[in-house]
Amino acid sequence: MKKVVILNASPRKDGNISQMLNIIGDTLFEKGSEVIIIDVCKLEFRPCIGCMKCRSAHDCVMPEDDAKRILRLVQESDALVVGSPCYWGNMTGQLKMLFDRWVYGMMDHSERDYPIPLLKGKKAVIVTTCTTQWPFNLIFKQSAGTVRALKEVLCWSGFKIASVIQKGATHKRPGLTPKEIAKCKKIALSLGSH
Ligand SMILES: Cc1cc2nc3c(=O)[nH]c(=O)nc-3n(C[C@H](O)[C@H](O)[C@H](O)COP(=O)(O)O)c2cc1C
């Protein structure tokens, strides 16, 4: 059975990110995967303090909290689905704070400072939305900026990016089209199948 963690970094629980992640999660669940949906904006943890001790200790100096708990779930999973709206051409602050806390569990460095991905073999799906409409969401690096920032984290950690969804113009066209719903289902089916 595949174990899939879904990180929902949107504070809007009936927004587009949440709708798409719910479809992906439901489809995976119906096809037999274990699915864990995390509401990133409700997690309780302190931001990284930049002490760098985790780089040698391979653990964070902070006491047990949601950041540590969810990192372990991701480490034990087969795949990760990350959904974040575009905020200032990037991921939401809440999600960035979480990834900052996770560096020690996601990548390491060799003695010569060569990066070592720690989560190789896992797949990732990126889901993002923004108000900027196509093609400007791509040209002006709006949703495309969010994708770039997420790839920075996921690719250095060793994830293989299986699929990317970018939905623009969410203020003009809120809600999902049948095509977008079908794409979410297709992505979930392929993620759960191999
Ligand atoms: C703090 C904040 C910053 C935002 N920054 C951008 C931006 O840089 N570019 C953009 O196109 N939309 C931006 N937006 C709009 C959101 O990306 C848009 O409302 C998104 O579709 C929300 O998705 P959700 O409903 O799934 O949460 C911003 C919204 C907020 C609240």
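Quick caveat, the model's predicted, so the values are computed rather than measured.

(A) Representation of the nonpolar core. The biggest cluster of nonpolar side chains holds 34 residues, and the ones touching the most others in it are Leu-7, Leu-95, Phe-99 and Trp-102. At the level of secondary structure, the elements contributing two or more residues to this core comprise strand E1 (3-8), strand E2 (34-39), helix H3 (66-76), strand E3 (79-85), helix H4 (93-101), helix H5 (103-106), strand E6 (123-129) and helix H7 (143-156). Once you skip the residues sitting within four places of it in the chain, Leu-95 turns out to touch Leu-7, Ala-9, Val-40, Val-82, Ser-84 and Leu-150. Membership of the second largest hydrophobic core comes to 18 residues, among which are Ile-17, Ala-79, Val-81 and Val-125.

(B) Examining empty space enclosed by the protein more closely. As enumerated under the stated definition, the model contains 1 cavity of 30 Å³ or more in all. For the largest cavity, the calculated volume is near 110 Å³. Lining of the largest cavity is provided by 13 residues; of these, Cys-48, Gly-50, Cys-51, Cys-54 and Cys-60 occupy positions nearest its centre. For the lining of the largest cavity, the secondary-structure elements that each account for two or more residues are helix H2 (54-57) and H4. Looking at the lining of the largest cavity, its residues break down into 9 nonpolar, 1 polar and 3 charged.

(C) Local environment of the site of the ligand. The environment of the ligand is formed by 16 residues, the closest being Ser-10, Cys-86, Thr-132, Gln-142 and Thr-170. Cys-86 is positioned with one of its backbone polar atoms (N or O) 2.7 Å from an oxygen atom of the ligand. The separation between a nitrogen atom of the ligand and a polar side-chain atom of Thr-131 is 3.0 Å. Contact with the protein chains removes 75% of the 650 Å² of surface that the ligand exposes when unbound. For the shell around the ligand, the per-class residue count stands at 6 nonpolar, 9 polar and 1 charged.

(D) Spotlight on the packing of aromatic side chains. For the structure shown, the criterion picks out 2 aromatic pairs. Where Phe-136 meets Phe-140, the ring centres are 5.4 Å apart and the plane angle is 15°; that geometry is what we call stacked. Looking at Phe-136, the relative accessible area reads 35%, which means it is partly exposed.

(E) Quick peek at the environment of Leu-118. With respect to the helices, strands and loops of the structure, Leu-118 is situated in the loop between strand E5 (115-117) and E6. Its relative accessible area of 38% is what places Leu-118 among the partly exposed residues. It is 6.9 Å that separates the C-alpha atoms of Leu-118 and Asp-108, two residues lying 10 residues apart in sequence. What Leu-118 contacts, discounting residues up to four positions off in sequence, is Tyr-104, Gly-105, Met-106, Met-107, Asp-108 and Ser-157.

(F) Up close: the packing of helix H1 (residues 16-30) against helix H8 (residues 178-193). The contact between H1 and H8 brings their axes to 8 Å, and the two run at 40°. Looking at the two axes, H1 sits oblique to H8. Viewed along their axes, H1 and H8 form a crossing whose handedness is right-handed. Note on element contacts: H8 touches H1 through Ile-181, Cys-184, Lys-185, Ala-188, Leu-189, Leu-191 and Gly-192, opposite Met-20, Ile-23, Ile-24, Thr-27 and Leu-28.

(G) Structural detail: the pattern of salt bridges. Taken as a whole and judged by the stated rule, the model has 9 salt bridges. A salt bridge links Lys-3 to Glu-76; the nearest nitrogen and oxygen atoms lie 3.3 Å apart. Separated by 73 residues along the polypeptide, Lys-3 in strand E1 and Glu-76 in helix H3 bring together distant segments of the chain. In this structure, Lys-42 engages Asp-39 in a salt bridge whose closest nitrogen and oxygen atoms are separated by 3.4 Å. Salt bridges linked by common partners bring Lys-13, Asp-39 and Lys-42 together as one network.

Criteria and thresholds
Residues numbered from 1 in each chain as written. Predicted model: local features only at pLDDT ≥ 70, side-chain atom pairs only at ≥ 80, totals over all residues. Heavy atoms only, no water. Core = buried A, V, L, I, M, F, W, Y, C linked by side-chain atoms within 4.5 Å. Buried < 20%, exposed > 50% of the residue type's maximum accessible area, 1.4 Å probe, protein only. Helix = DSSP H or I, 4+ residues; strand = E, 2+ residues; numbered from the N terminus. Contact = heavy atoms within 4.5 Å. 1 Å grid on protein atoms, 1.4 Å probe; cavity = no way out; pocket = protein on both sides within 12 Å on 5 of 7 lines; lining within 4 Å. Points joined across faces, edges and corners; volume = space filled by probe spheres on them. Nonpolar A, V, L, I, M, F, W, Y, C, P; charged D, E, K, R; others polar. Near = heavy atom within 4 Å. Polar contact = N/O pair within 3.5 Å; in protein donor to acceptor, adjacent residues only side chain to side chain. Areas by Shrake-Rupley, 256 points an atom, 1.4 Å probe, with all protein chains shown as cover. Phe/Tyr/Trp six-rings, centres within 6.5 Å; stacked < 30°, edge-to-face > 60°. Axes fitted to C-alpha atoms, helices over the stretch in contact; angles between N-to-C directions. Parallel < 35°, antiparallel > 145°, perpendicular 65-115°, else oblique. Left-handed = near helix turned anticlockwise from the far one by under 90°. Salt bridge = Lys/Arg side-chain N within 4 Å of Asp/Glu carboxyl O.

Don't take any of this as a statement about function, it's just geometry.
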